[in-house]
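A structural walkthrough
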2 protein chains.
Amino acid sequence: MKHFFNRRETIVTEALDGLLLTSSAGRLARLDTFPDIKVILRADWDKSKVAIISGGGAGHEPSHAGFVGQGMLTAAVSGEIFASPSVDAVLTAIRAVTGTKGALLVVKNYTGDRLNFGLAAEKARAEGFDVEMVIVADDIAIPGINQPRGVAGTLFVHKIAGYHAEAGADLKMVAAQAAAAAHDIVSLGMSLSTCSVPGQAHEDRLGAYEGELGLGIHGEPGVERISLQPVVDLVATMTERLAAKVGDTGDHALLINNLGAVPPLEMGVIANAVLSSPIAGRVRLIIGPAPMMTALNMNGFSLSLIRLDAAREAALKAAVAPHAWPPATERHEIAIVPAPQRPSMRNGATSASDDKHNRRLLTAVCEHLISLESELNRLDSRVGDGDTGSTVATGARSILSRIDTLPLKDPAATMASVGEILSTSMGGSSGVLLSIFFTAASKAMAEKADIAAALLAGLDRMTFYGGASVGDRTMVDALAPALAALTSEGIAAAARAAATGAESTKAMRKARAGRASYVGERDLEGVPDPGAVAVANVFEVVAALA
Amino acid sequence: MKHFFNRRETIVTEALDGLLLTSSAGRLARLDTFPDIKVILRADWDKSKVAIISGGGAGHEPSHAGFVGQGMLTAAVSGEIFASPSVDAVLTAIRAVTGTKGALLVVKNYTGDRLNFGLAAEKARAEGFDVEMVIVADDIAIPGINQPRGVAGTLFVHKIAGYHAEAGADLKMVAAQAAAAAHDIVSLGMSLSTCSVPGQAHEDRLGAYEGELGLGIHGEPGVERISLQPVVDLVATMTERLAAKVGDTGDHALLINNLGAVPPLEMGVIANAVLSSPIAGRVRLIIGPAPMMTALNMNGFSLSLIRLDAAREAALKAAVAPHAWPPATERHEIAIVPAPQRPSMRNGATSASDDKHNRRLLTAVCEHLISLESELNRLDSRVGDGDTGSTVATGARSILSRIDTLPLKDPAATMASVGEILSTSMGGSSGVLLSIFFTAASKAMAEKADIAAALLAGLDRMTFYGGASVGDRTMVDALAPALAALTSEGIAAAARAAATGAESTKAMRKARAGRASYVGERDLEGVPDPGAVAVANVFEVVAALA
């Protein structure tokens, strides 16, 4: 396990400073006791309301400092990684933010936190502060345990307590709401890897095909080692256990928590699995997926449920300052919008038509390109992957085979059809590039019947999307000078310019686009670009028929 | 590398459904071409403004669908993992959301995306849609390259284009702003591990002490293999290269992007390092840290900079619907709030005083507890870690050594002092628990001079924070009945009750709190809880002196 850090000793303070520096100005501050005592508090706090204080060991970011802000926590006290903050640290936080309306401490159920926050609360009371404490013990992993752990469901309590405090409720009311909420929360976690502490040797206790169910947020073992399995099965196990705790009725809010290192793609898969499982029927609000209560770099997630009533629903839906809290979403079906039909002009509206000259031209070009297959492949084998001849021949064959369906009387429509055919049958980047060329040329031709101008418009789009310019050792080196000459001097000059252009690629030492850009300079020397050669051959055929 | 997924083939569609299910109702929809053609679009879109369309391969979540919403993207087209969506998919998206004001395609500079989005754009134009495309090529990793990759800086273009479109600008203006923005962006990435595709065998090309600098977002190798080093050094290298590109002047916005699996704690450390580096002087706005353009589970991050002017600053600061976009923060110093001083009452305000009876009582209790050290350790070695006697004796010694400083005439103040001493010198959970006991008792005693009531108040707080009840095989089993008896019958009855309570712990088969909760039932049988025995001994001494 590799980590981004400087020194083990300063990870927590550096991360807190990172939070302070990247939170909006005027929102957060730290006490001047930092770094010994690490308290992050609202910079705009005037003590006119009940203060909500939480905290605990670090390693759970964005908990807890990331949730300090209007509508949630007033202050967060951070210990070192996975170590409870000292009594003094908690007491310092209480003194700093508690006014006449008092303070509520929200504590996850771990012995160190209970005792340190507890003693700090008693000391603060002795000093005359009005302090209450709510302990969250939401983990259902271990059946029959006396003291379940406090895990991600704690976020529900932060949000609900923060809401009532913000609304101006007194401490008794805030504490009662928080305690009642804490009582109605269940959580369960699942991970594919244990977490590792930066700067500390780590050995994963899990095998390559194992995960753990029912773990805490400090790297302690889960209650069950389970084999790797599809997410739907993992989620089924988890939601069945959660469902057994919450009963068959009632609306709930669901919190989907990333335990640290699950990539967003997979969190999306997990969210879909949960909300497609039977428990979704009991879910009314969704919070997440997001990292809210992490365990360092644990590759796992947890699910939390809280029973809802109108007051809790309002509390969970209220907007808050901390961006780490994702807005609660009401459960809903996926909205589906019908895609528009293809415009009718595309569905054979341009019907086949014959034109002797155009048929002869197109046939001659295609047949010639097919005859070049081996030679172009040979050239390409020296500078690329040896398939230019086959790709070009495939495109030419597909046009030949459909020549009777083409609107040959209408050059613009014919170019559009050729573009369409090449995009689906020729393959490779060159198929798409030529399709772009003919599609754009067709549009220009339809607007103004000038073949040279139309083809130049096609070239413009092809080079824009393809990124190649003259000198980059591509077909553009033949096509660009040919079309320039075509405009001013006609087809014979265009054919000469194309040939010269193709020849010039022999001397180009560095390909800057296409597959040949991976080939060394020496290997390119003296070999023309096969695409440019193909273009020169096309112009030669057309000029000969003119 | 282990992943949460069901089947390789359905990861992308499941993740997109997860996004749709967890975004607010009425915000997002998908086209009914799903899952073949994966287009996520604004559910509230009325085509009255310029549409902003982006997309590309999947594996970059929350890009791109996560940024669909008011003020950013109108629609996102997703391919499979790391594979560009088809021309048809892009064309379908264009048709679905483009009105008379046209559409802007924002495309990261990868050949597949350029060509597929490009051909779709040309086809859409041929159908009469007004479509422009901006290509983002912000990666500075490879010097002198013709076609730099498009990476996380693309988010800046999404935001700026989305802002102008939302403001009602026409396509020409939106495209011009987006193109100018794309021109002024630089990005550089860094990773400690390569990404792995779910369901596909993976071998990390990096050793245990290696990372890579200058990588793309598809697992392609970085330009340099570098050794693991402190974040400040990694950041110094990266910001020097970025600084060389942006020049010495001008304000910039900085985007700190999590490439997939960096835990929030470490992203905080990274953010702090960047904003403490010299480049911070050129940073005016900060976006992130957050996962915005990920590469599956890559354990890496990227930094992007864009040159600011007033219009861009306004565009980047405007609020948007997608929560995946973190609000831009103006660079600022860390705010520091002075911690309040300890209340004066704590600083020796309660001065030492002597009281013969209380001194004799306290001395006798402490000396007796010290005499029990070996016996209590012996009991504890059978049910715990064998240190109860030493812990208790340490606490007793520390009180004895400070007995001349105690305010012995004032029982409430004496209890407060004992609580203070035990919290710092006794150690362990029991030191904190007894400190809570005496601190809470002191407060009650000060309010009402009733020793039994005061001690019961202490017990109440100790059991609340400690979590143990009668029957849990702790000192509470002696203390609770003793204090109950003290209230109603006096100290002799209390001592008897304490002894009976301690004796009762012998029969308790399961400890539900404290260290003994980890010990098997058989090992506990017949051994009393050493904490309860200590309590019983204290009451015995006090009763004897009464």
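Reference entry: report on the structure contained in this document. (Residues numbered from 1 in each chain as written. Chains lettered and ligands numbered in written order. Predicted model: local features only at pLDDT ≥ 70, side-chain atom pairs only at ≥ 80, totals over all residues. Heavy atoms only, no water.)

**Some words on the overall build of chain A**
Summing up its helical and strand segments, chain A has 18 helices and 14 strands in all. Across its three principal axes, chain A shows a C-alpha extent of roughly 105 × 50 × 50 Å. Per-residue burial over chain A gives 59% buried out of 546 residues. Total accessible area on chain A is roughly 19900 Å²; 53% of this is exposed by carbon and sulfur atoms. Of the charged side chains in chain A, 49 are positive and 58 negative, and the gap between their average positions amounts to 2 Å. (Helix = DSSP H or I, 4+ residues; strand = E, 2+ residues; numbered from the N terminus. Buried < 20%, exposed > 50% of the residue type's maximum accessible area, 1.4 Å probe, protein only. Areas by Shrake-Rupley, 256 points an atom, 1.4 Å probe, with all protein chains shown as cover. Lys, Arg positive; Asp, Glu negative; His and termini not counted. Charge placed at Lys NZ, Arg CZ, Asp CG, Glu CD.)

**So, the environment of A:Pro411**
Residues and elements named next belong to chain A. Checked against the element boundaries, Pro-411 lands in helix α12 (residues 411-425). When its relative accessible area of 35% is taken as the criterion, Pro-411 is described as partly exposed. Counting along the chain gives 49 residues from Pro-411 to Leu-362, while the straight-line C-alpha distance between them is 11 Å.

**Some words on the sheet that holds strand β6 (residues 131-136) of chain A**
Reading across from one edge, β6(A)-β5(A)-β3(A)-β4(A)-β2(A)-β1(A)-β14(B) is the order of the seven strands in this open sheet, with mixed pairing throughout. Every interior strand has two partners, whereas the edge strands, β6 of chain A together with β14 (336-337) of chain B, have only one. When strand β1 (residues 28-31) of chain A meets β14(B), the two strands line up parallel, connected through two bridges. Each residue of the ladder has a partner; that of A:Arg30, found in β14(B), is B:Ile336. Together, β3 (51-58), β5 (103-108) and β6 of chain A form the strand contacts of helix α5 (residues 171-183) of chain A, whose direction differs from that of β6(A) by roughly 10 degrees. (Pairing = 2+ DSSP bridges. Contact = heavy atoms within 4.5 Å. Axes fitted to C-alpha atoms, helices over the stretch in contact; angles between N-to-C directions.)

**Examining the packing of aromatic side chains**
The full count for this structure, using the stated rule, is six aromatic pairs over all chains. For the pair A:Phe437 and A:Phe438, a centre-to-centre distance of 5.1 Å together with 80 degrees between the ring planes defines the contact as edge-to-face. (Phe/Tyr/Trp six-rings, centres within 6.5 Å; stacked < 30°, edge-to-face > 60°.)

**Concerning the pattern of salt bridges**
Taken as a whole and assessed by the stated rule, the structure comprises 60 salt bridges over all chains. The residue A:Asp354 makes a salt bridge to A:Arg359 at a minimum N-O spacing of 3.0 Å. For the salt bridge of B:Lys49 with B:Glu166, the shortest nitrogen-to-oxygen distance reads 3.2 Å. Residue B:Lys49 is located in the loop between β2 (38-42) and β3 (51-58), and its partner B:Glu166 is located in helix α4 (residues 154-166); the two are separated by 117 residues in the primary sequence. When its relative accessible area of 26% is taken as the criterion, B:Lys49 is described as partly exposed. A single salt-bridge network, built from bridges that share partners, covers A:Glu122, A:Arg125, A:Glu132, B:Asp460 and B:Arg461. (Salt bridge = Lys/Arg side-chain N within 4 Å of Asp/Glu carboxyl O.)

**Considerations on the relation of the copies chain A and chain B**
Overlay of chain A on chain B (RMSD 0.1 Å): rotation 180 degrees, translation along the axis 0.0 Å. Such a turn and shift between the copies fits a two-fold axis. Within chain A, A:Ala261 has its C-alpha nearest the rotation axis, a separation of 2.2 Å. (Least-squares fit on C-alpha atoms with pLDDT ≥ 70 in both.)

**With respect to the interface of chain A and chain B**
Accessible area lost upon the coming together of the parts serves often as the stated size of an interface. Taken together, the contact pairs 121 residues of chain A with 120 residues of chain B. The largest contributions to the chain A side of the interface with chain B come from A:Lys2, A:Phe4 and A:Leu265, which together make up 10% of the buried area. When the shortest N-O distance is used, the salt bridge between B:Arg461 and A:Glu122 registers 3.0 Å. The tally of links from chain A across to chain B stands at 46 residue pairs in polar contact (both at pLDDT 80 or more). No other element matches helix α3 (residues 111-126) of chain A, which puts eleven residues into the side of chain A that touches chain B. Each residue belonging to the side of chain A that touches chain B can be placed in one class, and the counts come to 63 nonpolar, 36 polar and 22 charged. (Buried area = accessible area lost by both parts, 1.4 Å probe. Polar contact = N/O pair within 3.5 Å; in protein donor to acceptor, adjacent residues only side chain to side chain. Nonpolar A, V, L, I, M, F, W, Y, C, P; charged D, E, K, R; others polar.)

**Topic: the pairing of strand β2 (residues 38-42) of chain A**
Residues and elements named next belong to chain A. With five of five residues buried, β2 is to be regarded as a mostly interior element. As defined by bridge partners, β1 adjoins β2 across three bridges and the pair is classed as antiparallel. Bridge pairing links Ala-29 to Leu-41 in β2. Connecting β1 to the next strand, β2, in antiparallel fashion are six residues. Bridging between β2 and strand β4 (residues 75-81) involves four bridges; their strand directions are antiparallel. Its bridge partner being in β4, Val-39 is matched across the sheet by Val-77.

**Quick word on the environment of B:Asp523**
As for its placement among the helices and strands, B:Asp523 is situated in helix α17 (residues 521-524). Not counting the four nearest positions on each side in its chain, B:Asp523 is found in contact with B:Arg382 and B:Val383.

**Section: the packing of helix α4 (residues 154-166) of chain A against helix α8 (residues 310-317) of chain A**
Residues and elements named next belong to chain A. Between α4 and α8, the least distance of the axes is 8 Å, while the angle of their chain directions is 95 degrees. Here α4 lies roughly perpendicular to α8, going by the angle between them. Side by side, α4 and α8 meet where Phe-156, Lys-159, Ile-160 and Tyr-163 of the first sit next to Arg-312, Ala-314, Ala-315 and Leu-316 of the second. Looking at side-chain class alone, the contact of α4 with α8 contains six nonpolar, no polar and two charged residues. (Parallel < 35°, antiparallel > 145°, perpendicular 65-115°, else oblique.)

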